[in-house]
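Listed below, chain by chain, are the residues.
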Amino acid sequence: MEREFIMIKPDGVQRGLVGDVVKRIENVGFKIIGMKLLKVSLKQAEQHYAIHKEQPFYDDLLGHITCGPVVAMVVEGKDAVRVTRKIVGATNPIDAVPGSIRGDFALEIGRNIIHAGDSPENAIYEYKIYFNEEEFVEYNKIDERWLYE
Ligand code: IDP
Ligand code: MG
């Protein structure tokens, strides 16, 4: 099973959207194996967004992700990264289709509610910034035999 790293950004937490986001991730059948509320440190933010270091929006990105509590999650499931990215929607909410998280809840690219890893490798790189392997809880979910053929 593939793992995906998801973070509800400070705007999502402040707007009371934690439940809505988690619901959509659970609905599709993914298993939450790690979840925490935390305030991202500048060091964590720099690691997380290292690939955007040269972008003009980099400083705003770091400022925003560190400005308040976030909810970090790791989920497991079939094609977890590709499916999660679909549930999340396009980076710019203007382009995110209705039914996606960003399409339904956001208006601006710098306040797009949620982060999700864009490849299995990047998801692992990202969740290691926020979680130790021992923090993950492995368990069987009762719907697994009805989700997977
Ligand atoms: P993603 O979150 O859909 O993977 P990325 O391209 O990885 O999008 O960008 C990371 C985050 O940086 C985005 O979620 C968004 O909040 C912000 N961002 C991306 N492009 C821009 C931009 O052109 N202006 C302002 N913020 C941006
Ligand atoms: Mg990205």
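This text goes with the structure placed above it.
The shown structure was predicted, so the numbers you read here are calculated from the model rather than taken from an experiment.

Novice: I'd love a proper account of the site of ligand 1, names of residues and values included.
Specialist: The local shell around ligand 1 consists of Lys9, Tyr49, His52, Phe57, Leu61, Arg85, Thr91, Arg102, Ile109, Gly110 and Asn112. Contact distances for ligand 1 include 3.0 Å between an oxygen atom and a side-chain N or O atom of Lys9. Starting from 530 Å² of accessible surface for ligand 1 in isolation, the protein chains cover 75%. Looking at the shell around ligand 1, its residues break down into 4 nonpolar, 4 polar and 3 charged.

Novice: Help me get a handle on the pattern of salt bridges, residues and values and all.
Specialist: Overall, the coordinates contain 8 salt bridges when judged by the stated rule. Among the ionic pairs, Glu144 bridges to Lys31, the shortest N-O distance being 3.1 Å. Of this pair, Glu144 sits in helix H8 (residues 144-147) while Lys31 sits in strand S2 (residues 31-38), placing them 113 residues apart in sequence. By relative accessible area, Glu144 is classed as partly exposed at 23%. Several salt bridges converge on common partners, so that one network encompasses Arg3, Glu76, Glu133 and Glu138.

Novice: Run through the sheet that holds strand S1 (residues 2-8), naming residues and quoting values.
Specialist: Ordered by their spatial adjacency, 4 strands build an open sheet running S2-S3-S1-S4, and the pairing between neighbours is antiparallel. Edge positions in the sheet fall to S2 and strand S4 (114-116), since each of these pairs with one other strand and no more. Between one strand axis and the next, the sheet turns through 15° on average, direction left out of account. Here 3 bridges tie S1 to S4, and the two strands are oriented antiparallel to one another. Residue Met7 lies in a different strand from S4, and its bridge partner there is His115.

Thresholds applied
Residues numbered from 1 in each chain as written. Chains lettered and ligands numbered in written order. Predicted model: local features only at pLDDT ≥ 70, side-chain atom pairs only at ≥ 80, totals over all residues. Heavy atoms only, no water. Near = heavy atom within 4 Å. Polar contact = N/O pair within 3.5 Å; in protein donor to acceptor, adjacent residues only side chain to side chain. Areas by Shrake-Rupley, 256 points an atom, 1.4 Å probe, with all protein chains shown as cover. Nonpolar A, V, L, I, M, F, W, Y, C, P; charged D, E, K, R; others polar. Salt bridge = Lys/Arg side-chain N within 4 Å of Asp/Glu carboxyl O. Helix = DSSP H or I, 4+ residues; strand = E, 2+ residues; numbered from the N terminus. Buried < 20%, exposed > 50% of the residue type's maximum accessible area, 1.4 Å probe, protein only. Pairing = 2+ DSSP bridges. Axes fitted to C-alpha atoms, helices over the stretch in contact; angles between N-to-C directions.

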